[in-house]
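Now for the letters of each chain:
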Amino acid sequence: MTTLTKTLIASAAAGAIALTLGASVASAKVYKLTAGSSHPPIVPWVATIKNLVVPQSIARVAAAGKGDSIQWIEAYAGALYNFQNTLEGIETGLADLGWVGTLWEPIKMPLMNFTFYAPFTTGNVDILNKVGEDLHKNIPAMNEAWKKHNQVFLGIQAADTYNLFTKFPLKTMEDLKGKKIYGPDALARWLEGTGAVAVNGGLPVYYNGVQTGIAEGGIVITTGMLPFKLHEVAPYITEVDMGGPISGALTMNLDTWNSLPPYMQDIFTKLGKEYATTQSEIVKANAAKFLGLMAQQGATVTKFPQAERRKWAMGMPNIAKEWVDENEAKGIPAKQVLQAFMDGVRAAGETPLRDWDKGL
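Below or above, wherever it landed, is the structure these notes cover.

Rules and cut-offs
- Residues numbered from 1 in each chain as written.
- Predicted model: local features only at pLDDT ≥ 70, side-chain atom pairs only at ≥ 80, totals over all residues.
- Heavy atoms only, no water.
- Helix = DSSP H or I, 4+ residues; strand = E, 2+ residues; numbered from the N terminus.
- Buried < 20%, exposed > 50% of the residue type's maximum accessible area, 1.4 Å probe, protein only.
- Contact = heavy atoms within 4.5 Å.
- Areas by Shrake-Rupley, 256 points an atom, 1.4 Å probe, with all protein chains shown as cover.
- Lys, Arg positive; Asp, Glu negative; His and termini not counted.
- Charge placed at Lys NZ, Arg CZ, Asp CG, Glu CD.
- Axes fitted to C-alpha atoms, helices over the stretch in contact; angles between N-to-C directions.
- Parallel < 35°, antiparallel > 145°, perpendicular 65-115°, else oblique.
- Nonpolar A, V, L, I, M, F, W, Y, C, P; charged D, E, K, R; others polar.
- Pairing = 2+ DSSP bridges.
- 1 Å grid on protein atoms, 1.4 Å probe; cavity = no way out; pocket = protein on both sides within 12 Å on 5 of 7 lines; lining within 4 Å.
- Points joined across faces, edges and corners; volume = space filled by probe spheres on them.

Points about the overall build of the protein
A count of helices and strands for the protein gives twelve helices and eleven strands. C-alpha extents for the protein along the principal axes are approximately 100 × 45 × 35 Å. Here the protein holds 360 residues, and the buried ones make up 52% of them. In the protein, once contacts between residues fewer than 6 apart in sequence are set aside, the share between residues at least 24 apart is 77%. As displayed, the protein offers around 15,000 Å² of accessible surface, 56% of which is attributable to carbon and sulfur atoms. Averaging the coordinates of the 32 positive side-chain charges in the protein and doing the same for the 32 negative ones gives two points 3 Å apart.

Here we look at the environment of Trp323
Within the fold, Trp323 resides in helix H11 (residues 319–328). Accessibility expressed as a relative area gives 3% for Trp323, which makes it buried. Sequence separation between Trp323 and Val205 is 118 residues, and the spatial gap between their C-alpha atoms is 28 Å. Once you skip the residues sitting within four places of it in the chain, Trp323 turns out to touch Pro110, Leu111, Phe114, Tyr117, Ala334 and Leu338.

Regarding the environment of Leu260
Tracing the sequence through the fold places Leu260 in the loop between helix H8 (254–259) and helix H9 (262–296). Accessibility expressed as a relative area gives 4% for Leu260, which makes it buried. Taking the C-alpha atoms as reference, Leu260 lies 12 Å from Asp96; in sequence the two are 164 residues apart. Ignoring anything within four residues of it in the chain, the contact list for Leu260 reads Tyr31, Met252, Gln265 and Phe268.

Notes on the packing of helix H4 (residues 125–138) against helix H5 (residues 140–148)
Packing of H4 against H5 brings their axes to within 5 Å, and their N-to-C directions diverge by 85°. With respect to H5, the element H4 is oriented roughly perpendicular. Residues Leu135, His136 and Asn138 of H4 form the contact with H5, whose own contacting residues are Pro140, Met142, Asn143 and Trp146. Classifying every residue of the contact of H4 with H5 gives four nonpolar, three polar and no charged.

Topic: the pairing of strand E9 (residues 236–239)
Bridging between strand E5 (residues 162–166) and E9 involves three bridges; their strand directions are antiparallel. Along E9, the bridge assignment pairs Leu164 with Thr238. Inspection of the sheet shows E9 paired to strand E11 (residues 300–303) by four bridges, in the parallel sense. Along E11, the bridge assignment pairs Thr238 with Thr302.

Some words on the sheet that holds strand E1 (residues 30–36)
Read from one edge to the other, the open sheet built from five strands follows the order E2-E1-E3-E10-E4, with strand pairing classed as mixed. The outermost strands of the open sheet, each flanked by one partner alone, are strand E2 (69–75) and strand E4 (151–158). Ignoring strand direction, the axes of neighbouring strands in this sheet form an average angle of 25°. Across five bridges, the pairing between strand E3 (residues 97–101) and strand E10 (residues 246–253) is antiparallel. Each bridged residue has a counterpart across the sheet, and for Leu97 the counterpart in E10 is Met252. Against the sheet, helix H2 (residues 44–63) touches E1, E2, E3, E4 and E10, its axis set at about 165° to E2. Its contacts with the sheet place H5 against E3, E4 and E10, and it is angled at close to 120° to E4.

Quick look at empty space enclosed by the protein
Applying the stated criterion to the full structure yields two cavities of 30 Å³ or more. In this structure, the largest cavity spans a volume of roughly 170 Å³. In this structure, the largest cavity is lined by 18 residues; those nearest its centre are Leu103, Trp104, Tyr162, Leu203 and Ile221. When residues of the lining of the largest cavity are traced back to their parent elements, those giving at least two are helix H6 (203–211) and strand E8 (217–221). Element by element, the count of residues in the lining of the largest cavity is highest for E8, at three residues. Within the lining of the largest cavity, the residues separate by chemical class into 14 nonpolar, four polar and no charged. Put simply, the second largest cavity is a space of about 30 Å³. Contributing to the lining of the second largest cavity are Thr115, Ala118, Pro119, Thr121, Thr122, Leu128, Trp190, Met242, Gly243, Gly244 and Phe341. Of the residues that constitute the lining of the second largest cavity, the class distribution is six nonpolar, five polar and no charged.

None of the figures reported here should be taken as evidence of function without further support.
Here's what the structure looks like:
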């Protein structure tokens, strides 16, 4: 091979590399995304967005070697929308990614509210997490509901069991009669048969609401009590163990999702699963710790007697059947979802206090 030939080949190779690099640089894109939430990052389901999803998405996109990058704007604590508009916040693109609190959406997102119509079933966060993910994997209607609201489901958000914080001691069911208790939307049904009056609201308003007399307590997950200092205005914490909720999910705006290349969609799909397990681990670690901390800070922490728990569960109207019948009449597979939930809990070795799926 002559020197001239070698030179020509080398020049051609160098030109090809330059063209390839030039094309790569030209196609590289900066994706400007917004992460949002109604709640501050002191709660696990938002902290995990800030501490896991945002930084890891930046790192993994960079590591993919495509030349692309993500620039995040983080808008938590109601900067873009309040707790009543989390679904709409992602749907309309106010935020590209965020936590959606489906507990405030019993009409728009009925299938995501199944745990609220089967209380006293399980307080095990790991089981709730697995069941929630399995439902989205096995029942198409779950993902279709998100698509209807211009969103893509990324990861489930399960929480620790519901307990009560009150301004008064709670030892028996009789103590609830006539009391105004925060029970947002679907949770309001849990108070039927107790004699208490349900008051709508969300964690960000509970402190002032109790302080000003709008309510005298509330049904709240323990991991939500300490961060919002609810024990300061209602110092009686009663472990009723009403069952943990699947109260929301990490989602992405569908238009945003469709604008991303496949490799980035894959990154966010995997991060969604990690979001679910990571926030669940935080919940488990914090639940018992927070009870101890509130007791140290002056709260009175007691366990509700098992007989009273059973009385509460069995004295409720059959809200599960009502929920199933109402949604099945609309063509929504509520019976399939509820049955899958109850079966999943039993398969995991737990015994629900009430068999809500019997007689559907």
